[in-house]
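# Close look at the chain arrangement
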Amino acid sequence: MRWLGRLLRRLILAVVLLGVGLAAPVAYVETMCRGDAVPAPAAPLSGETRPEVRTLLTYPEWHIVHAYDDYAEVIRQGDPHDFGYLAAIGGYWSTLCTLTGESAALGEIDTATRQLVHVIGVSFTFEMLMKAAYEESVGRAATLLRGAERAPLDDLSAEQAAAYAVFLQQVPWYRYDFRADAAALDAASTGSLRDRERALALGLEHRARAAYAGAIAGAVAATGADDLTLQMVVRGLSPERLGAVEGVTVLREIDEGIEVETPRYRALTHILEDWAAEGADFVDIAGNDTIMFSALSNAAKAQGALADLPRQGHPETRHLFLVPVADLGDALRGLPARGLGLEHVHDY
C-alpha cells in the first residue's frame, strides 16, 4: 500500500503544480500589465454605446481562433507534433499583457471581460498543454510507426481542423458539431495503426469538447448571447449604397453622416473594407472613437503596431494597430501601399 500512497501524493503534487502553472500568467497580467494613461472624454453619436476597451480585449478570443487556423495549416502537410503549442500559449498571454496595458487609455476593463479573457486563456493553455503532451509522446510514436506516408485520418483530421477554423470566424465555438467529426473519423478509419490511434485520440477530444460545449451553450442561453449587430455613423456613401449591403439597416441621417446598423465579427470586417475602398469614412462606431484592427505582412515588424505576432504554418506576421475611428477609412485604404493586408477589424 505504500506505493499507492506515494502515487497519490505525486498525483496531488502534479495537480497542485498544474494549478499554480495555469494561475501564474493570470497573476502576472493582473499585477505587471497595468497602464497609467487617462481615458479622453467621449461624445458618442450613434444610438448604441459599447465599452471602448473591448476593441482591445476581443483580440484574445481571436488569438485562439488564429491558433486553430495555424494548427490546421501546420497539419495540412505536417503532423500535430510540428505545431508550436508553447508558442501559441506564450503569444496569448504576452499579447494580453500588452493590450491590458494599452487599455488604460480607453477605460477600465469591466469585471465580466476581465474574467472572460482569463478563463478562456487558462482553458486554452490547458488544452494546448494536454495536446502537446499527447502529440509529443504517443502521437509522435504513432507517426514514427506509420512512416513517411500519411494515413487517411491524417488528411481527414486536417480537413476537419480547417473547417473548424473557418467556422469560428463568425459562429461561437460551442455551436460546432464535434460529435459529427468524431463519427466521421470512425467511419473513415482503414484500421491501420495510425488511423486507429487518430480515431481514438481525436474522437475522445471531440466528444469531450461536445460535452463542454453543451454546458457552455446552456449557460449562454440562461444569461443571453452577445448582440450580433452594432451601430455606427458613416459618411461618404449614399443611404442607398449603405442599405444595399446584406444585413445593413439605415437608421437615420444626422449632420455628421448616416447612422446604420451592421452585423458584427468577420462580416463587419468585409463591410468596412468594402466601404473604405469606395471612399467611406467612419465617424463613430458603437459610440466609440478608437478601434483596433489586425493586418498581415511578410515583414517581421510594422511601424506603429502594438504587437507583431509571427504565424505558424503561414509566412506572414500578424500586426495589431490601434487608430482613431475617424482615421480608419484612410488606414484601410493605405494598407496595400505599406505591404499590409487587412485581416480583421476588432469591434466592441
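Here, the structure is the one placed above.
Summary of the structure given here.

### Details of empty space enclosed by the protein
Taken as a whole, this structure holds two cavities of 30 Å³ or more when the rule is applied. By volume, the largest cavity is sized at about 280 Å³. Tyr 71, Ser 157, Ala 161, Glu 205 and His 206 are the residues nearest the centre of the largest cavity, which is lined by 23 residues in total. Where the lining of the largest cavity is concerned, the elements lending two or more residues are helix 3 (59–77), helix 5 (111–146), helix 6 (152–167), helix 7 (178–188) and helix 8 (193–223). Per-class residue counts for the lining of the largest cavity are 12 nonpolar, four polar and seven charged. In this structure, the second largest cavity spans a volume of roughly 40 Å³. Val 29, Glu 30, Leu 57, Leu 96, Thr 100, Ile 109, Arg 114, Val 117 and His 118 are the residues that line the second largest cavity. A total of three residues in the lining of the second largest cavity trace back to one element, the largest contributor, which is helix 5.

### Thoughts on a positive patch on the surface
Taken together, the side chains of Arg 2, Arg 6, Arg 9 and Arg 10 make up a positively charged region of the molecular surface. Along the chain, the position of Arg 9 falls in helix 1 (residues 2–32). Classification of Arg 9 as exposed rests on a relative accessible area of 55%.

### Structural notes on the pairing of strand 1 (residues 229–235)
Most of strand 1 is tucked away: five of the seven residues are buried. The pairing of strand 1 with strand 3 (residues 257–263) spans six bridges and is antiparallel. Paired with Met 232 across the bridge in strand 3 is Val 260. Inspection of the sheet shows strand 1 paired to strand 4 (residues 281–285) by four bridges, in the antiparallel sense.

### A look at the packing of helix 10 (residues 265–277) against helix 11 (residues 325–333)
Any two packed helices are characterised by the angle at which their axes cross and by the distance between the axes. Contact geometry of helix 10 with helix 11 gives a least axis separation of 9 Å together with a crossing angle of 80°. Put simply, helix 10 runs roughly perpendicular to helix 11. Residue-level inspection shows Leu 272, Glu 273, Ala 276 and Ala 277 of helix 10 in contact with helix 11, the latter providing Leu 328, Gly 329, Leu 332 and Arg 333.

### Comments concerning helix 7
Regarding helix 7, the residues found buried are Phe 178, Asp 181, Ala 182 and Leu 185. One side of helix 7 carries all its buried residues, which in axial view fall inside an arc of 100°. Along helix 7, the residues that are exposed and aim more than 90 degrees away from the buried face are Arg 179 and Ala 187.

### A word on the sheet that holds strand 6 (residues 307–310)
For sheets, the rule is that strands pair by backbone hydrogen bonds, running either parallel or antiparallel. Strand order in this open sheet of four strands is 6-7-5-8, and the pairing throughout is antiparallel. Either end of the sheet is taken by a strand with one partner, and the two such strands are strand 6 and strand 8 (341–346). Adjacent strand axes in the sheet meet at a mean angle of 25°, parallel and antiparallel pairs treated alike. Note that strand 5 (residues 290–297) and strand 8 share five bridges and pair antiparallel. Across the sheet, residue Met 292 finds its bridge partner in strand 8, namely His 346.

### Observations regarding the packing of helix 4 (residues 85–102) against helix 5
At a closest axis distance of 9 Å, the pairing of helix 4 and helix 5 adopts a crossing angle of 165°. The orientation of helix 4 with respect to helix 5, classified from their angle, is roughly antiparallel. Crossing angle aside, the handedness with which helix 4 passes helix 5 is left-handed. Here helix 4 contributes Tyr 85, Leu 86, Ala 88, Ile 89, Tyr 92, Trp 93 and Leu 96 to the contact with helix 5, which in turn contributes Val 117, His 118, Ile 120, Gly 121, Val 122, Phe 124, Thr 125, Met 128, Leu 129, Lys 131, Ala 132 and Glu 135. Residue composition of the contact of helix 4 with helix 5, by class: 14 nonpolar, three polar and two charged.

### Quick word on helix 4
Its 18 residues place the ends of helix 4 26 Å apart at the C-alpha level, agreeing with the 26 Å of an ideal helix rising 1.5 Å per residue. Taken together, the buried positions of helix 4 are occupied by Tyr 85, Ala 88, Ile 89, Gly 91, Tyr 92, Trp 93, Thr 95, Leu 96, Cys 97, Leu 99 and Thr 100.

Conventions we followed
- Residues numbered from 1 in each chain as written.
- Predicted model: local features only at pLDDT ≥ 70, side-chain atom pairs only at ≥ 80, totals over all residues.
- Heavy atoms only, no water.
- 1 Å grid on protein atoms, 1.4 Å probe; cavity = no way out; pocket = protein on both sides within 12 Å on 5 of 7 lines; lining within 4 Å.
- Points joined across faces, edges and corners; volume = space filled by probe spheres on them.
- Helix = DSSP H or I, 4+ residues; strand = E, 2+ residues; numbered from the N terminus.
- Nonpolar A, V, L, I, M, F, W, Y, C, P; charged D, E, K, R; others polar.
- Patch = residues over 30% accessible without salt bridge, like charges linked within 9 Å, V, L, I, M, F, W, Y side chains within 5 Å.
- Areas by Shrake-Rupley, 256 points an atom, 1.4 Å probe, with all protein chains shown as cover.
- Salt bridge = Lys/Arg side-chain N within 4 Å of Asp/Glu carboxyl O.
- Lys, Arg positive; Asp, Glu negative; His and termini not counted.
- Charge placed at Lys NZ, Arg CZ, Asp CG, Glu CD.
- Buried < 20%, exposed > 50% of the residue type's maximum accessible area, 1.4 Å probe, protein only.
- Pairing = 2+ DSSP bridges.
- Axes fitted to C-alpha atoms, helices over the stretch in contact; angles between N-to-C directions.
- Parallel < 35°, antiparallel > 145°, perpendicular 65-115°, else oblique.
- Contact = heavy atoms within 4.5 Å.
- Arc of directions from axis to C-beta.
- Left-handed = near helix turned anticlockwise from the far one by under 90°.
- Expected span 1.5 Å × (residues − 1).

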